[in-house]
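Reading the structure
Single-letter residue listing:
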Amino acid sequence: MKRIEKGTWHSRVEEILCRDFGNLYSKLTSITQHLLLDSTHAYVVNRRDLDSLSEVDIIMLVEEHVASCIARSFRY
């Protein structure tokens with residue numbers, strides 16, 4: 001799998017959010033989009049095994065975090 005340069009993590013996470021969750025992501029306010037992007041970015045880059053993650057692993061982490069955020073929103 002192709003490695004992603006660390007300087008592009010933020011834009012890569014945003015690209016995954018827009019592509020995989022485009023309909024949902026586009027309906028959020030800009031502040032909520034920014035908060036979701038920042039929290040998802042932090043969730044991905046704070047992994048101890050970041051250097052060994054493949055593209056598929058990163059996509060799964062983004063999806064996992066978004067699903068977790070959605071599930072938490074139903075609890076409150």
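Look up a bit, the structure's there.
This structure is a prediction, so every number in the text was calculated from the model and none was measured.

Some details on the overall build of the chain
Summing up its helical and strand segments, the chain has four helices and zero strands in all. Within the chain, the proportion of its 76 residues that are buried is 32%. Taking the contacts inside the chain whose residues are at least 6 apart along the sequence as the reference set, 63% of them involve residues at least 24 apart. Counting every atom, the chain has about 5200 Å² of accessible surface; 58% of that belongs to carbon and sulfur.

Some points on the environment of aspartate 20
Mapped onto the elements, aspartate 20 comes out in helix α1 (residues 9-20). The class for aspartate 20 is partly exposed, based on a relative accessible area of 30%. Residues aspartate 20 and isoleucine 59, 39 residues apart in the sequence, show an inter-C-alpha distance of 8.9 Å. The residues touching aspartate 20, leaving out its near neighbours within four places in the chain, are Ile59 and Glu63. There is a polar contact of 2.8 Å between the side chain of aspartate 20 and the side chain of arginine 19.

Here's the deal with α1
Taking 1.5 Å of rise per residue, twelve residues should cover 16 Å, and α1 covers 16 Å from first to last C-alpha, within 8% of that figure. Listed as buried for α1 are Trp9, Arg12, Val13, Ile16 and Leu17. End-on view of α1: buried residues confined to an arc of 140°, all on one side of the axis.

Looking at the nonpolar core
Counting residues in each nonpolar core, the largest one holds 17 residues, and the members touching the most others are Val13, Leu17, Leu36, Val44, Ile58, Val62 and Val66. Beyond its immediate chain neighbours, meaning those up to four positions away, leucine 17 contacts Gly22, Tyr25, Leu36, Leu37, Thr40, Val62 and Val66.

Overview of the pattern of salt bridges
Tallied over the full model, the rule gives four salt bridges. A salt bridge links arginine 12 to glutamate 15, with the shortest nitrogen-to-oxygen separation between them at 2.7 Å. Taken together, the residues span about one helical turn, with arginine 12 and glutamate 15 both in helix α1 at a distance of three residues. Residue class for arginine 12 comes out buried when judged on its relative accessible area of 11%. The salt bridge involving arginine 19 is made with aspartate 20; its shortest N-O contact spans 2.8 Å.

Conventions and cut-offs
- All residue numbers refer to position in the chain's written sequence, counted from 1.
- Side-chain atom pairs in this predicted model are given and counted only at pLDDT of 80 or more, local residue features only at pLDDT of at least 70, and totals for whole chains, interfaces and linings cover all residues.
- Neither water nor hydrogens contribute to the side-chain values; these are computed over all heavy atoms in the structure.
- Runs of H or I in DSSP of at least four residues are treated as helices and runs of E of at least two as strands, each being numbered from the N terminus.
- To sort residues, take the accessible area from a 1.4 Å probe on protein chains only and compare it with the maximum for the residue type: under 20% means buried, over 50% means exposed, and anything in between is partly exposed.
- Any two residues having at least one pair of non-hydrogen atoms within 4.5 Å are treated as being in contact.
- With residues, only the protein chains shown are counted as cover, and all accessible areas are computed by Shrake-Rupley using a 1.4 Å probe.
- The definition of a polar contact used here is a pair of N or O atoms within 3.5 Å, where within protein one atom must be able to donate a hydrogen and the other to accept one, and adjacent residues in sequence count solely through side-chain atom pairs.
- To estimate the expected span of a helix, subtract one from its residue number and multiply by 1.5 Å.
- When we speak of the arc, we mean the arc of directions from the helix axis to the C-beta atoms.
- Residue types Ala, Val, Leu, Ile, Met, Phe, Trp, Tyr and Cys, when buried and joined through side-chain atoms within 4.5 Å, form a set referred to as a nonpolar core.
- Salt bridges are defined by distance alone: a side-chain nitrogen of Lys or Arg within 4 Å of a carboxyl oxygen of Asp or Glu.

Function cannot be inferred from these measures alone, as they are strictly geometric.
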